[in-house]
Amino acid sequence: MLFNLQFLRGLAAVGVVFYHTGFRLAGDWHTDFSGVAIFFVISGFIMCFITREDADRFFVKRFIRIVPMYWLSTFVMFFLHRLSPWSVNPPVAADLPRSLLFLPSEQMPILGVGWTLNFEVYFYLVFGLALWIDRRLAPLISAVFVYAVFALDQRGYGGFLTHYYSHDYIHYFLAGMALFYIWTFGSVLFPGWPVRAICVAGLIFFFGSQFVRPLWPDWVLTYYWWFPPFVVVCALFMESSGAPITWRPVVLLGDASYSLYLTHIIFFGVGNAFLQALHMPAPSESAAVMSFEVVTATLLGIAVHLYVEKPFLRKVAHVLGGSRKISEPVVLDHR
């Protein structure tokens with residue numbers, strides 16, 4: 001396990017939870033602390049990392065990590081919407097196949113965060129087919145295919161499909177694959193405490209700078225896209241230079257990040273309805289309510305991971321003939 005990627009997964013998931021409260025920081029800054037982008041960078045890196053020596057059962061392992069919990073969460077959200085008296089425009093049964101099968105659409109999936117999983121599954125399909133062609137060249141083949149889709153979209157070919165899979169976030173998968181090679185070769189060349197110090201400073205700078213956005217110069221905003229790869233590479237070089245973050249609560253949060261990512265939307269849907277019924281301020285309007293929702297959603301995500309996700313995935317893995325130990329997280333546990 002790369003402990004520092006677990007640390008980042010946990011932070012990224014909490015960042016997404018914070019974003020969905022609607023609360024804004026100084027300068028009217030509505031941020032997820034680049035949580036989704038960091039997930040995608042990690043995903044690109046992890047796909048290269050876990051297949052560097054063995055790519056057996058790639059699709060089965062990816063299915064087990066992503067699909068069962070997403071399907072379960074989608075059904076929970078579907079029935080809550082159908083049964084709730086507060087639901088506005090509840091989904092219909094016809095929305096289920098599109099959501100469950102990760103089909104590209106202009107409409108959001110029933111479980112809102114599923115839009116990122118549509119891109120995640122696309123990347124898995126591309127990378128898995130590239131592994132089938134040549135395991136060692138899979139990252140290069142995947143990058144060529146993805147850039148070919150970008151090129152077709154820019155020239156007006158492929159219509160909605162190429163446009164959908166040319167979303168800006170998909171660049172972060174490619175960045176993650178590039179970081180795998182940068183870290184693989186660079187970790188040997190740059191060991192020791194100076195690297196640790198630089199990387200720690202980099203992480204503090206990025207996450208701390210989110211709270212003082214009005215002070216950012218224009219050039220920082222122009223190049224904001226490079227922050228997520230920068231954060232991931234800092235975490236990786238910290239680990240390889242002898243500074244893994246192994247504090248158990250942080251590792252547990254990273255392990256639970258996928259459950260947290262999926263379930264916080266369900267919790268917010270129910271919780272915000274109760275807040276309205278009790279005439280309490282919305283989390284976007286109150287720092288206290290926002291903090292309560294973030295902490296409660298995080299604890300709920302950890303509980304779901306421990307008592308639902310882990311036993312559930314063990315059973316799924318057993319049925320599919322895989323390992324009973326599911327430890328490698330996705331982009332969004334991603335995760």
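Residues numbered from 1 in each chain as written. Predicted model: local features only at pLDDT ≥ 70, side-chain atom pairs only at ≥ 80, totals over all residues. Heavy atoms only, no water.

Asker: Give me the overall build of the chain: which residues, what numbers.
Answerer: The secondary structure content of the chain amounts to 14 helices and 0 strands. Overall, the chain shows an N-to-C arrangement of helices and strands of α-α-α-α-α-α-α-α-α-α-α-α-α-α. With respect to the principal axes defined by its C-alpha atoms, the chain has extents near 60 × 45 × 45 Å. Across the 335 residues that make up the chain, the buried fraction comes to 51%. Mean positive and mean negative side-chain charge positions of the chain (21 and 19 charges, respectively) differ by 9 Å. (Helix = DSSP H or I, 4+ residues; strand = E, 2+ residues; numbered from the N terminus. Buried < 20%, exposed > 50% of the residue type's maximum accessible area, 1.4 Å probe, protein only. Lys, Arg positive; Asp, Glu negative; His and termini not counted. Charge placed at Lys NZ, Arg CZ, Asp CG, Glu CD.)

Asker: Go over helix 1 (residues 3–20) with me, naming the residues and quoting the values.
Answerer: In an α-helix there are 3.6 residues to a turn, and that puts residues three or four apart on one side. With 18 residues, helix 1 should cover 26 Å at 1.5 Å per step; its first-to-last C-alpha distance of 26 Å lies within 8% of that length. Residues of helix 1 that are buried: Asn-4, Leu-5, Gln-6, Leu-8, Arg-9, Gly-10, Ala-12, Ala-13, Gly-15, Val-16, Val-17 and Phe-18. With its phi angle positive at about 80°, Gly-22 sits one or two positions after the end of helix 1. (Expected span 1.5 Å × (residues − 1).)

Asker: I'd love a proper account of a positive patch on the surface, names of residues and values included.
Answerer: Together, Arg-248, Lys-310, Arg-314 and Lys-315 line one region of the surface with positive charge. Element by element, the count of residues in the positive patch is highest for helix 14 (residues 287–319), at 3 residues. Mapped onto the fold, Lys-315 is located in helix 14. Take Lys-315: its relative accessible area is 59%, and that puts it in the exposed class. (Patch = residues over 30% accessible without salt bridge, like charges linked within 9 Å, V, L, I, M, F, W, Y side chains within 5 Å. Areas by Shrake-Rupley, 256 points an atom, 1.4 Å probe, with all protein chains shown as cover. Salt bridge = Lys/Arg side-chain N within 4 Å of Asp/Glu carboxyl O.)

Asker: Describe the packing of helix 1 against helix 11 (residues 227–240), listing the residues and the values that go with them.
Answerer: Axis separation between helix 1 and helix 11 bottoms out at 8 Å; the angle between their running directions is 145°. You can see that helix 1 and helix 11 cross each other, and the crossing is right-handed. Here Phe-3, Asn-4, Leu-5 and Leu-8 of helix 1 lie close against helix 11, whose contacting residues are Val-231, Val-232, Ala-235, Leu-236, Met-238 and Glu-239. Residues that form the contact of helix 1 with helix 11 fall into these classes: 8 nonpolar, 1 polar and 1 charged. (Axes fitted to C-alpha atoms, helices over the stretch in contact; angles between N-to-C directions. Left-handed = near helix turned anticlockwise from the far one by under 90°. Contact = heavy atoms within 4.5 Å. Nonpolar A, V, L, I, M, F, W, Y, C, P; charged D, E, K, R; others polar.)

Asker: So, the environment of Trp-29: which residues are in play, and what are the values?
Answerer: Relative to the elements of secondary structure, Trp-29 occurs in the loop between helix 1 and helix 2 (35–50). Relative accessible area serves as the criterion here: at 13%, Trp-29 is assigned to the buried category. Along the backbone, Trp-29 and Arg-213 are 184 residues apart, and their C-alpha atoms lie at a distance of 7.0 Å. In contact with Trp-29, other than residues within four places in its own chain, are Phe-23, Arg-24, Gln-210, Arg-213, Trp-216 and Tyr-224.

Asker: Kindly report on unusual backbone geometry, identifying the contributing residues and their values.
Answerer: Backbone geometry places Phe-33, a non-glycine residue, at a positive phi of 55°. Residue placement: Phe-33 occurs in the loop between helix 1 and helix 2. If you check the backbone angles, Arg-57 has positive phi at about 55° while not being a glycine. Considering the arrangement of structural elements, one finds Arg-57 in the loop between helix 2 and helix 3 (58–83).

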